[in-house]
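Tertiary structure, described
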Amino acid sequence: MKTRTWVLVLLWLVNTFACTGDRGPAGQDGQPGTNGQDGLPGEDGLPGQDGLPGEPGPEGPSADPSISAVTPARIFLGRTAKLTISGFNCDWSDTTAADLAFGDGISVDSLSVASPTSLLVTVTVETIAAVGALAVTVHSGASSLSYQGIDVLAPLVLADIVGTVAQGSRFKLTLRNLDVDHPLSVVAAENVAYAFAAEAGEGVRLNVISVQSNVVRLVALVDVFASPGGRDFRLTDMFTAQETTFDLPAVFDIAARSPVLLQANQPASAELVEAAQSILYQFVPPATPNRVFFSVAGESDPNQIPGLIVLPASGRMAEALRYPFNYGNTGPYQRYTEDDDPMYLIALDIYDHHGYTLTTHADMPYPQLGDLRSCQEAAALVAPAQVYGLELNDIDDQTWFAITTAAGDEGKQLRLVTNFFFDHITDTVLRVYEGTCPVVLPGTPWAESSDVDINDALLAPNLAGNQTYYLQVSYSPSGFDGGLYALDVSIEEAEPASGNTCLDADPLTLPFESSEAFLLGPAADEDWFHFTTGAGDDGVVLKAQTTPGDRLTDSAIELFSDCAGSSLASADIDSHDVLLSPPLAADTDYWLRVSAGNNFNEHSRYQLSLRLIPPQEIEPNDDCDQAQALTLPFISELPLHLASIDDQDWFEITVPAAGKGLTIRTALPWEMSMAMYTDTAVELYYGGACDRLNLLMAKDNDSYPYTEDFSFRPLPYAGTYLIRVTAGSHYLDAGSDQYSLMIEQTD
């Protein structure tokens, strides 16, 4: 009972204090509840206003007849073409569609109606047809339908033209063939001139150089008086069963130009600023008979190869007196003139180099030279002299000159040289007379050439001062075969007395390169030289070499270890020689003798070089693992050996970068003093390990002289390459076991 009462009291107290205390802060909002169900949809609203009207659509197809297509869409000049004309809503028949019009120069050969909306037509396109867009018209009853979607094309298009396109010129052009149905015949290079003919009107000569199925390249030669203006072109392919012509209207325009007047003995210079550019000159010789010497020169760059086309007064290329592009004919040209008819010269670079100055000469060094057939008619010369444009007309002909020495010329020597600037087969004999003409002359010559070669040299020593000498050039009694020549005349210091024997040999310090030419006087003359090897030169090899000087000086070289002994080594193979000695001893005296070779003919000047080469002991290199490492470029200084038909030599090179070429040559050159060639075979491999080599190229020349000369380009990789040299298929026939090797990278 008490317990229940206290519980009631406590509840009363709690309720009492809760109602009468302060309100606490509001709690956080609870999470939103879920949406209730959607109510019923309301009633539809009133309709909106109409939108603005859209753009009008394209017009629907017309029911009027029309031509919708002509196929093919292009036709070529000079061709017969089959065309299909497609129409829309037409009603063509044999009567209503019989009248077609393609314009001037296009004729309809046949017409058939394939359907009311299709015509089959064969047309011939004449070369007079206009090139460009063509309108095709079909007359059907009283109406005419036209179509513009077809083109008339020339079968060829000009791709490139290089050079001066003008009167008196030479230029190059490249044409492309657009007519795939008529490819150009592909023939061997030597047959191009016979398989194709090209023309561009009067005064233009065209030479076809090369032909592919879609490309033809030509050289154009334009006469001096060719009519200027546009020219139409035609190429005829004669190699096809029926000759096929390719026409191109107005392929180029010939510009009019006036020639530059070229004066005798007054060089004219002109700048070549464009590839294949040409300069036109006119030269008017004097009315009296004479000889003129034409030449053209560049600026001593070996890439500059200037040439002259020489034309007569007609200015016609077909009558060219000289065209320098045949047989490498780039040297001077002489012409005998009898009147004052003008001549025309076209100066240019043969290989189209430009950016340099061309200098053209019309030299007449001895005006009114005359026949000079006796000493009374001798032309006076002043040494040194170069006389061009001389000619012996027959085996009995002769030419005379006179030269007078000065007081200071006493004891000097007179040197005469005939050369073949013009005719490689003019065989001359030279004679020198002293005395008074005609009292003493002709008589016994004071000096005479040996006549051992076609062109000769004569060295006449111990001249007198203030003396007139008469020079006679005549034809060799061995036979007449061409008569053009040039003559060089000089007065030189006499051969010094020193160096003529071993005991007074000229001392040299090695290496030695002569700065001035040495002289061999008469055939019995000798030049002696002395040198001493150094303390570290044991086993070295001497390389002694003679060079021009005179191109035809025939020298012989010998090496001695003392003046009384026999020679250690000798060389006399060609005009100029190389001597390679056996291994030499250190601190030892040696003597070198240069004398006249077996074919010495008074060509007397030579240059001399001497140097010592360390021994190159590269054997054994008989397999890949023993390959001798070489540094590029490599040229063997001493002979390499294939000791037997089974021997092989391996070499290793490192190429720093791919993309360049590699040239390899083996030879047994004359400068190695060997008369026989070694037959070699060469292989080029790529790969760093001998068991993983890839063969890139193999070469074994099967014809004399059996040496190899080939290039591999581009090299596919950087890194290590191996070269193997073995005996070739003619090794046993060649007669030597020595060879040289050259390896170099090329761009």
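Residues numbered from 1 in each chain as written. Predicted model: local features only at pLDDT ≥ 70, side-chain atom pairs only at ≥ 80, totals over all residues. Heavy atoms only, no water.

Describing the overall build of the protein chain
The following threshold applies: Counting from the N terminus, the helices are DSSP H or I runs at least four residues long and the strands are E runs at least two residues long. Whether a residue is buried, partly exposed or exposed follows from its accessible area with a 1.4 Å probe, protein chains only, as a fraction of its type maximum: under 20%, in between, or over 50%, in that order. Two residues form a contact once any of their heavy atoms are found within 4.5 Å. Accessibility throughout is a Shrake-Rupley quantity obtained with a 1.4 Å probe, and a residue counts as covered only by protein chains that appear here.
In terms of regular secondary structure, the protein chain is built from three helices and 52 strands. Expressed as a percentage of its 747 residues, the buried residues of the protein chain come to 43%. Within the protein chain, residue pairs in contact and separated by at least 24 positions form 72% of the contacts whose partners lie at least 6 positions apart. Here the protein chain displays about 38700 Å² of accessible surface, and carbon together with sulfur accounts for 51% of that area.

Observations regarding the sheet that holds strand β17 (residues 268-272)
Strands in a sheet are paired, the pairing made by backbone hydrogen bonds, and the direction either parallel or antiparallel. Definition in use: For two strands to be treated as a pair, DSSP must find at least two bridges joining them. The axes used here are C-alpha line fits, helices contributing only the stretch in contact, and every angle between their N-to-C directions lies in the interval 0 to 180 degrees.
One open sheet holds the four strands; their spatial order is β17-β23-β19-β21, and the pairing between them is antiparallel. What marks the edges here is a single partner per strand, and that holds for β17 and β21 (333-337). Averaged over all neighbouring strand pairs, the angle between strand axes comes to 20°, with direction disregarded. In the sheet, strand β19 (residues 290-297) pairs with β21 via five bridges, with the strands oriented antiparallel. Within the sheet, the bridge partner assigned to Arg 291 lies in β21 and is Tyr 336.

Topic: the pairing of strand β30 (residues 457-460)
For a regular strand, the rule is simple: side chains alternate between the two faces of the sheet. Residue alternation in β30 divides its side chains into two sets, Ala 457 and Leu 459 and Leu 458 and Ala 460, and both sets are buried. Judged from the four bridges that link them, strand β27 (residues 413-419) and β30 form a sheet pairing that is antiparallel. The residue bridging Val 417 from the neighbouring strand is Ala 457, located in β30.

Points about a negative patch on the surface
Threshold: Excluding any residue in a salt bridge, patches collect residues exceeding 30% relative accessible area, merging like charges within 9 Å and nonpolar Val, Leu, Ile, Met, Phe, Trp and Tyr side chains within 5 Å. The rule for a salt bridge is simple: a side-chain nitrogen of Lys or Arg has to be within 4 Å of a carboxyl oxygen of Asp or Glu. In this tally Asp and Glu are treated as negative and Lys and Arg as positive; neither His nor the chain ends contributes. Charge placement uses NZ in Lys and CZ in Arg. For Asp and Glu, CG and CD serve respectively.
Among the surface-exposed residues, Glu 338, Asp 339, Asp 340 and Asp 341 lie close enough to one another that they form a single negatively charged patch. Note that Asp 340 resides in the loop between β21 and β22 (343-349). The exposure class of Asp 340 is partly exposed, given its relative accessible area of 43%.

Structural notes on the state of the cysteines
The following threshold applies: Count a disulfide wherever a pair of cysteine sulfur atoms falls within 2.5 Å.
Here the structure, examined in full by the defined rule, presents three disulfides. Two residues share a disulfide in this structure: Cys 375 and Cys 437, whose sulfurs sit 1.8 Å from each other. Taking the sign of the S-S torsion, 75° for the link of Cys 375 and Cys 437, the bridge is right-handed. In this pair, Cys 375 sits in the loop between β23 (356-363) and β24 (379-381) while Cys 437 sits in the loop between β28 (428-434) and β29 (447-448), placing the two residues 62 residues apart along the sequence. Of the two residues, Cys 375 and Cys 437, neither departs from the other in class, the shared state being buried. A sulfur-sulfur distance of 2.0 Å marks the disulfide that ties Cys 624 to Cys 690. In this structure, the disulfide formed by Cys 624 and Cys 690 twists by about -85° around the S-S bond and is classed as left-handed.

Description of the nonpolar core
Filter applied, for reference: In this description, a nonpolar core means a group of buried Ala, Val, Leu, Ile, Met, Phe, Trp, Tyr and Cys residues linked to one another through side-chain atoms lying within 4.5 Å.
If you look at the biggest cluster of nonpolar residues, it comprises 53 residues, and the most contacted ones within it are Ile 85, Phe 102, Phe 233 and Leu 235. When residues in this core are grouped by element, the largest group, five residues, is from strand β15 (residues 244-254). Residue contacts for Phe 102: discarding those within four places in its chain leaves Leu 83, Ile 85, Val 108, Val 121, Val 123, Leu 134, Ala 135 and Val 136. One finds Val 432, Leu 458, Tyr 469 and Leu 471 within the second-largest nonpolar core, a separate group that totals 24 residues.

Overview of the environment of Ser 210
Turning to its location among the elements, Ser 210 is positioned in strand β12 (residues 204-211). Among the residues examined, Ser 210 registers a relative accessible area of 26% and is labelled partly exposed. When the C-alpha positions of Ser 210 and Val 187 are compared, they lie 9.1 Å apart, and in sequence the two are 23 residues distant. Every residue in contact with Ser 210, bar those within four places of it in the chain, is listed here: Val 192, Val 215, Val 216 and Arg 217.

So, the packing of aromatic side chains
To keep it simple, the criterion reads: What counts as a ring pair is set by centres within 6.5 Å for rings of Phe, Tyr and Trp (its six-membered ring), and what kind of pair is set by the plane angle: stacked under 30 degrees, edge-to-face over 60, tilted for all other angles. Lysine and arginine charges are scored as sitting over a ring when NZ or CZ, respectively, is within 6 Å of the ring centre and within 35 degrees of the ring normal.
For the structure shown, the criterion picks out 14 aromatic pairs. Look at Trp 650 and Tyr 685: their rings are 5.7 Å apart centre to centre, the planes differ by 25°, and that puts the pair in the stacked class. You can see Trp 650 sitting in strand β46 (residues 648-655) and its partner Tyr 685 sitting in strand β48 (residues 680-686), a full 35 residues away along the chain. Like Trp 650, the residue Tyr 685 is buried in the burial classification. Put simply, the rings of Phe 512, Phe 518, Phe 529 and Tyr 606 pair up and form one aromatic cluster. The side chain of Arg 79 reaches across the aromatic face of Phe 246, ending 4.8 Å from its centre.

Regarding the confidence of the model for the protein chain
Stated precisely, the cut-off is as follows: One confidence number per residue, pLDDT, is output by the predictor and ranges from 0 to 100.
Here the protein chain averages 83 in pLDDT, and 87% of its residues register 70 or above. Confidence drops under a pLDDT of 50 for residues 1-21, and excluding neighbours within four residues, the segment shows zero contacts in the predicted structure. Predicted confidence is poor over residues 669-675, with pLDDT under 50, and the contacts of this stretch with residues over four places away or in other chains come to 18 contacts.

Considerations on the side chain of Arg 431
On the secondary structure map, Arg 431 appears in strand β28. Leaving out residues up to four positions away in the same chain, Arg 431 has contacts with Pro 445, Ala 447, Glu 448, Leu 458, Tyr 470, Leu 471, Gln 472 and Ser 474.

Notes on the side chain of Glu 492
For clarity, the cut-off: Within 3.5 Å is the distance limit for a polar contact, defined as a pair of N or O atoms, with the added protein rule that one can donate a hydrogen and the other accept it, and that residues adjacent in sequence qualify only through two side-chain atoms.
In this fold, Glu 492 is placed in strand β32 (residues 484-492). Of note is the side chain of Glu 492, whose polar atom sits 2.9 Å from the side chain of Arg 415. If we skip the residues at most four places from it in the chain, Glu 492 touches Lys 412, Gln 413, Arg 415, Leu 459, Leu 519 and Arg 605.

Comments concerning the pattern of salt bridges
Evaluated as defined, the whole model comprises 16 salt bridges. For Arg 79, the salt bridge identified is with Asp 179, shortest N-O distance 2.6 Å. Of the two residues, Arg 79 sits in the loop between β2 (74-76) and β3 (80-88) while Asp 179 sits in the loop between β10 (169-177) and α2 (192-195), which places them 100 residues apart along the sequence. Here the two residues Arg 79 and Asp 179 agree in accessibility, since each one is buried. Note that Asp 397 is salt-bridged to Arg 373, the shortest N-O span being 3.1 Å. Of the two residues, Asp 397 sits in the loop between β25 (385-391) and β26 (398-404) while Arg 373 sits in the loop between β23 and β24, which places them 24 residues apart along the sequence. Among the ionic contacts, a cluster of salt bridges with common partners joins Arg 170, Lys 172 and Asp 352.

A few points about the sheet that holds strand β5 (residues 106-115)
Strands sit in the order β1-β3-β6-β5 across an open sheet of four strands; the sheet is antiparallel. Among the strands making up the open sheet, the edge pair consists of β1 (66-71) and β5. Within this sheet the neighbouring strands show an average axis-to-axis angle of 25°, counted without direction. Relative to β3, β1 is paired through five bridges, and the arrangement is antiparallel. Directly across from Val 70, in β3, lies its bridge partner Ile 85.

Overview of the pairing of strand β20 (residues 306-311)
Most of β20 is tucked away, with six of its six residues classed as buried. The pairing of β20 with β22 spans six bridges and is antiparallel. Following the sheet pairing, Pro 306 is matched in β22 by Asp 349.

Observations regarding the environment of Gly 203
Along the chain, Gly 203 turns up in the loop between β11 (196-199) and β12. In this structure Gly 203 comes out as buried when scored by relative accessible area, which is 10%. Considering only alpha carbons, one finds Gly 203 and Met 317, 114 residues apart in sequence, at a separation of 8.1 Å. Apart from the residues lying within four places of it in its own chain, the contact partners of Gly 203 are Leu 221, Val 222, Asp 223 and Ala 226.

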